[in-house]
Amino acid sequence: MDNITCTSERISKYFLAGVFVVFSLGLVVLGFTFLPVIGFVLALPVVAIAIVLIRTRLNDQCQLDFDTNAS
C-alpha cells in the first residue's frame, strides 16, 4: 500500500471517526443533563462505531479492510 495514494482516505477515515466521537460526547452531555439513561445508551454504540473506524486498516485498494485475521 502506497502511503501517498491513501492519504485522503486516511484523513476521511479519521475525520469520520472524530465526528462520531464528538457526537457521542454530545450524547453523554445530554445523558448528564436531560435524559440520564437514554443519553448513555445511545452514546455507547456511537463510541463503538468510532473505535471500529479508528482500528480498521486500509487494504491495497485504499478501502476499509474489516478482516479480523489481518496481521
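Presented here is a report on the structure given in the accompanying data block. Keep in mind it's a predicted model, so treat the numbers as computed, not measured.

1. Regarding a nonpolar patch on the surface
Here is step 1 of the chain: Side chains of Leu30, Phe34, Leu35, Val37, Ile38, Val41 and Leu42 sit close together on the surface and give an oily, nonpolar patch of about 680 Å² of accessible area.
Here is step 2 of the chain: Among the elements that make up the nonpolar patch, the one with the highest residue count is helix α2 (residues 36-55) (4 residues).
Here is step 3 of the chain: Looking at the element boundaries, Ile38 is found in helix α2.
Here is step 4 of the chain: For Ile38, a relative accessible area of 48% translates into the label partly exposed.

2. A few points about the environment of Leu16
Here is step 1 of the chain: By the element assignment, Leu16 lies in helix α1 (residues 7-33).
Here is step 2 of the chain: Along the chain, Leu16 and Leu53 lie 37 residues apart, while their C-alpha atoms are 7.9 Å from each other.

Criteria and cut-off values
Residues numbered from 1 in each chain as written. Predicted model: local features only at pLDDT ≥ 70, side-chain atom pairs only at ≥ 80, totals over all residues. Heavy atoms only, no water. Patch = residues over 30% accessible without salt bridge, like charges linked within 9 Å, V, L, I, M, F, W, Y side chains within 5 Å. Areas by Shrake-Rupley, 256 points an atom, 1.4 Å probe, with all protein chains shown as cover. Salt bridge = Lys/Arg side-chain N within 4 Å of Asp/Glu carboxyl O. Helix = DSSP H or I, 4+ residues; strand = E, 2+ residues; numbered from the N terminus. Buried < 20%, exposed > 50% of the residue type's maximum accessible area, 1.4 Å probe, protein only.

That is the geometry; function is a separate question.
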